[in-house]
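Structure assessment
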Amino acid sequence: MTSIDLNADLGEGFGRWRLTDDEQLLSVVTSANVACGFHAGDAATMRRVCELAAARGVRIGAQVSYRDLAGFGRRAMDVPPAELAAEVAYQIGALEVFARAAGARVAYVKPHGALYNRVVHDEEQAGAVVEGVLLADAELPVLGLPGSRLLELAGKADLPVVTEAFADRAYTDEGTLVPRGREGAVVTDPGTVVTRSVDLARHGRVDARSGRRIAVRARSLCLHGDTPGAVELARRVRSALEDAGVRVEAFA
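Residues numbered from 1 in each chain as written. Predicted model: local features only at pLDDT ≥ 70, side-chain atom pairs only at ≥ 80, totals over all residues. Heavy atoms only, no water.

**Details of the overall build of the chain**
Helix and strand content of the chain: eight helices and 12 strands. Against the 2.2 N^0.38 benchmark of 18 Å for 252 residues, the chain shows a C-alpha radius of gyration of 17 Å, consistent with a compact globule. Across its three principal axes, the chain shows a C-alpha extent of roughly 40 × 35 × 35 Å. Within the chain, the fraction of its 252 residues that count as buried is 54%. Of the contacts made within the chain by residues no fewer than 6 positions apart, 71% connect residues no fewer than 24 positions apart. Taken as a whole, the chain presents about 10,800 Å² of accessible surface, with 49% of it coming from carbon and sulfur. Averaging the locations of the 30 positively and 34 negatively charged side chains of the chain gives two centres separated by 4 Å. (Helix = DSSP H or I, 4+ residues; strand = E, 2+ residues; numbered from the N terminus. Rg over C-alpha atoms; globule rule 2.2 N^0.38 Å. Buried < 20%, exposed > 50% of the residue type's maximum accessible area, 1.4 Å probe, protein only. Contact = heavy atoms within 4.5 Å. Areas by Shrake-Rupley, 256 points an atom, 1.4 Å probe, with all protein chains shown as cover. Lys, Arg positive; Asp, Glu negative; His and termini not counted. Charge placed at Lys NZ, Arg CZ, Asp CG, Glu CD.)

Quick look at the structure:
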């Protein structure tokens, strides 16, 4: 039977401000990408999400980012590699404290926002992320875009690599994500997102923005938690996958 992991970005709040419905999404997804304080998240939020995830058997992932709270980690930044490696390790270590306290562990690492997009092509920044993961735990899986420099370098460093797809993001013909600033970068129609999810899981394919059908082989499917109606959409996606004979389970 075909299987797929469902991951979502969670813990994206700060202080009294909350963006994601963490509790409801944790009843749907199998892996939680938890903000580690650099683009969102604070100590109390990280602890709360880890406790909720552990109680539901959801895997906890460190969603590492550039240090950019004001820009939600989506602004392009130039960070020296040694500094970036240390900051990646720092974020993983911070989340690990709360994961262990909840009776779990950090199970994988996924970059966020501008860092995620940068390490698709930038070897220096990708190498820094890999170095940071190795500093924290040399056995942590790395979640990222198929064909990215990040996954290539992680594999060379003997880190487990996990490929990821996005049902609600537009793709270029090259298999990369259309930048968020461009029109049509985010797929907003719920029915389209559900259909794309099943097609990605069962057939490893998706229609690019140009209309060309491209291959996207992924072990995990990302559901964005910060979009309107995210919880109901996540439920619809999971239900459609299961109805199509796809087993929904964590990769880690």
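**Regarding the environment of Gly 93**
Residue position: Gly 93 is located in helix α3 (residues 81-101). Judged by relative accessible area, which is 33%, Gly 93 ranks as partly exposed. Remark: the alpha-carbon pair of Gly 93 and Ala 62, spanning 31 residues in sequence, is separated by 9.0 Å.

**With respect to the pairing of strand β5 (residues 59-64)**
Among the six residues of β5, five are classified as buried, and the element is accordingly described as predominantly covered. Here strand β4 (residues 31-35) pairs with β5 via five bridges, running parallel. Counted as the bridge partner of Ala 32 is Ile 60 from β5. You can see the chain leave β4, run along helix α2 (residues 43-56) and come back into β5, and the turn it takes is right-handed. Of the strand pairs in this sheet, β5 and strand β6 (residues 106-111) are connected by five bridges, and their pairing is parallel. When the sheet's bridge partners are listed, Ile 60 is paired in β6 with Val 106. Regarding the hand of the β-α-β motif, the stretch spanning β5, α3 and β6 is right-handed. (Pairing = 2+ DSSP bridges. Right-handed = clockwise from strand over helix to strand, strands pointing away.)

**Observations regarding a nonpolar patch on the surface**
A contiguous nonpolar patch, built from Phe 14, Trp 17, Leu 19 and Leu 69 and spanning about 370 Å² of accessible area, is present on the exposed surface. Mapped onto the elements of the fold, Trp 17 is located in strand β3 (residues 17-18). Among the residues examined, Trp 17 registers a relative accessible area of 43% and is labelled partly exposed. (Patch = residues over 30% accessible without salt bridge, like charges linked within 9 Å, V, L, I, M, F, W, Y side chains within 5 Å. Salt bridge = Lys/Arg side-chain N within 4 Å of Asp/Glu carboxyl O.)

**Some thoughts on the packing of aromatic side chains**
For the structure on display, the rule yields three aromatic pairs. Plain terms: the ring middles of Tyr 116 and Phe 166 are 5.7 Å apart, the flat faces sit at 90 degrees to each other, and that makes the pair edge-to-face. Of this pair, Tyr 116 sits in helix α4 (residues 113-121) while Phe 166 sits in strand β8 (residues 161-166); the two residues are 50 residues apart in sequence, bridging distant segments of the chain. Given the relative accessible area of 6%, Tyr 116 is considered buried. Residue classification places Phe 166 among the buried positions, given a relative accessible area of 3%. (Phe/Tyr/Trp six-rings, centres within 6.5 Å; stacked < 30°, edge-to-face > 60°.)

**Here's the deal with the packing of helix α5 (residues 123-136) against helix α6 (residues 149-156)**
Packing of α5 against α6 brings their axes to within 9 Å, and their N-to-C directions diverge by 45 degrees. With respect to their mutual orientation, α5 and α6 come out oblique. Pair α5 / α6 crosses with right-handed handedness. Touching Glu 123, Ala 126, Gly 127, Val 129 and Val 130 of α5 are Arg 149, Leu 150, Leu 153 and Ala 154, all from α6. (Axes fitted to C-alpha atoms, helices over the stretch in contact; angles between N-to-C directions. Parallel < 35°, antiparallel > 145°, perpendicular 65-115°, else oblique. Left-handed = near helix turned anticlockwise from the far one by under 90°.)

Treat this as a map of the structure, not an account of what it does.
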